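# Structural description and commentary
Here is how the chains run, residue by residue.
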Amino acid sequence: MKISFYVLSESKAQDFLGFICQLTQTALNKSAQSLLILIEDETLLANLDTALWAQESTSFIPHQCLSDNDNKSTNDRDTDDSNVATSEVSAPVLLGNHMPADFNGIVLNTTTRPVNDFMAATNNSKPSRVLELILPDATSTQEGRNKYKAYQQLGHNLTHFKV
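The structure presented is a predicted model; accordingly, all values stated were derived computationally and were not measured. (Residues numbered from 1 in each chain as written. Predicted model: local features only at pLDDT ≥ 70, side-chain atom pairs only at ≥ 80, totals over all residues. Heavy atoms only, no water.)

### Some details on the nonpolar core
By size, the foremost hydrophobic cluster in this structure holds 24 residues, and its most contacted members are I37, L48, L108 and L133. When residues of this core are traced back to their parent elements, those giving at least two are α2 (16–30), β2 (35–38), α3 (42–53), β4 (93–96), β5 (106–109) and β6 (129–134). With 7 residues, α2 is the single largest residue contributor to this core. Setting aside residues up to four positions removed in sequence, I37 forms contacts with I20, T24, L48, V93, L94, L95, G96, L108 and T110. Core analysis: the next-biggest nonpolar cluster, separate from the first, contains 16 residues, F5, L66, V130 and I134 among them. (Core = buried A, V, L, I, M, F, W, Y, C linked by side-chain atoms within 4.5 Å. Buried < 20%, exposed > 50% of the residue type's maximum accessible area, 1.4 Å probe, protein only. Helix = DSSP H or I, 4+ residues; strand = E, 2+ residues; numbered from the N terminus. Contact = heavy atoms within 4.5 Å.)

### Re the sheet that holds strand β3 (residues 63–65)
As summarised here, the arrangement of the 7 strands in space is β3-β4-β2-β5-β6-β1-β7, forming an open sheet in which the pairing is parallel. Unpaired on one side and paired on the other, β3 and β7 (157–162) mark the two borders of the sheet. With strand direction ignored, the average angle separating the axes of adjacent strands in the sheet is 20 degrees. Pairing of β3 with β4 involves 3 bridges; the strand directions are parallel. Paired with H63 across the strands is V93, a residue of β4. Packing against the sheet, α2 makes contact with β1 (2–7), β2, β4, β5 and β6, and its axis sits at approximately 160 degrees to β6. (Pairing = 2+ DSSP bridges. Axes fitted to C-alpha atoms, helices over the stretch in contact; angles between N-to-C directions.)

### Thoughts on the packing of aromatic side chains
Following the criterion strictly, the structure yields 4 aromatic pairs and no others. Summarising the aromatic geometry, the rings of F5 and Y148 are spaced 5.3 Å apart at their centres and angled 50 degrees between planes, so their arrangement reads as tilted. Note that F5 is positioned in strand β1 and Y148 in helix α5 (residues 138–153), a separation of 143 residues in sequence. When its relative accessible area of 3% is taken as the criterion, F5 is described as buried. An aromatic cluster is built from F5, Y148 and Y151, whose rings are joined through pairwise contacts. Over the ring of F118 we find R113; its NZ or CZ atom is 4.1 Å from the centre of that ring. (Phe/Tyr/Trp six-rings, centres within 6.5 Å; stacked < 30°, edge-to-face > 60°. Lys NZ or Arg CZ within 6 Å of the ring centre and 35° of its normal.)

### Description of the pattern of salt bridges
Applying the stated criterion to the full structure yields 2 salt bridges. With a shortest N-O distance of 2.6 Å, E40 and R113 are connected by a salt bridge. In this pair, E40 sits in the loop between β2 and α3 while R113 sits in the loop between β5 and α4 (115–120), placing the two residues 73 residues apart along the sequence. By relative accessible area, which is 35% here, E40 ends up partly exposed. For K147, the salt bridge identified is with E132, shortest N-O distance 2.6 Å. Within this pair, whereas K147 is found in helix α5, its partner E132 is found in strand β6, the two being separated by 15 residues in sequence. Each member of the pair K147 and E132 is classed as buried. (Salt bridge = Lys/Arg side-chain N within 4 Å of Asp/Glu carboxyl O.)

Rendered as structure tokens:
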């Protein structure tokens, strides 16, 4: 698995949603694989959902929010049909706080945890690539270092870019 760390400058961090949208569009343009954006912050998830729909008409980013119910067993699911079941995923970009079963696309990780933590909680997920975002603050930098070490110990191919 190839893992790329994007160390954001102050200006990119100030437009965090814009950078995520730009990176998402770039990933879609360069690959036919689906993209999962892992987000544990509900406010960020809602804001990103809005930002992806509000992109320029020439760079529309079709996406789908995964329901928390997708991460539960079938017996635990609500009967509410408005929730998106993992088996019904059809958009090239997914937003959620978990990894769907059998996911093998690209993961853009906005969480504090390495993607391997999410892979361990699901069935047969083997992302081809991971994009990690590091904000220019001490906490994000330390979390990035911790993730880098975890990935390095697992023998993954690591690169980093200052943007």
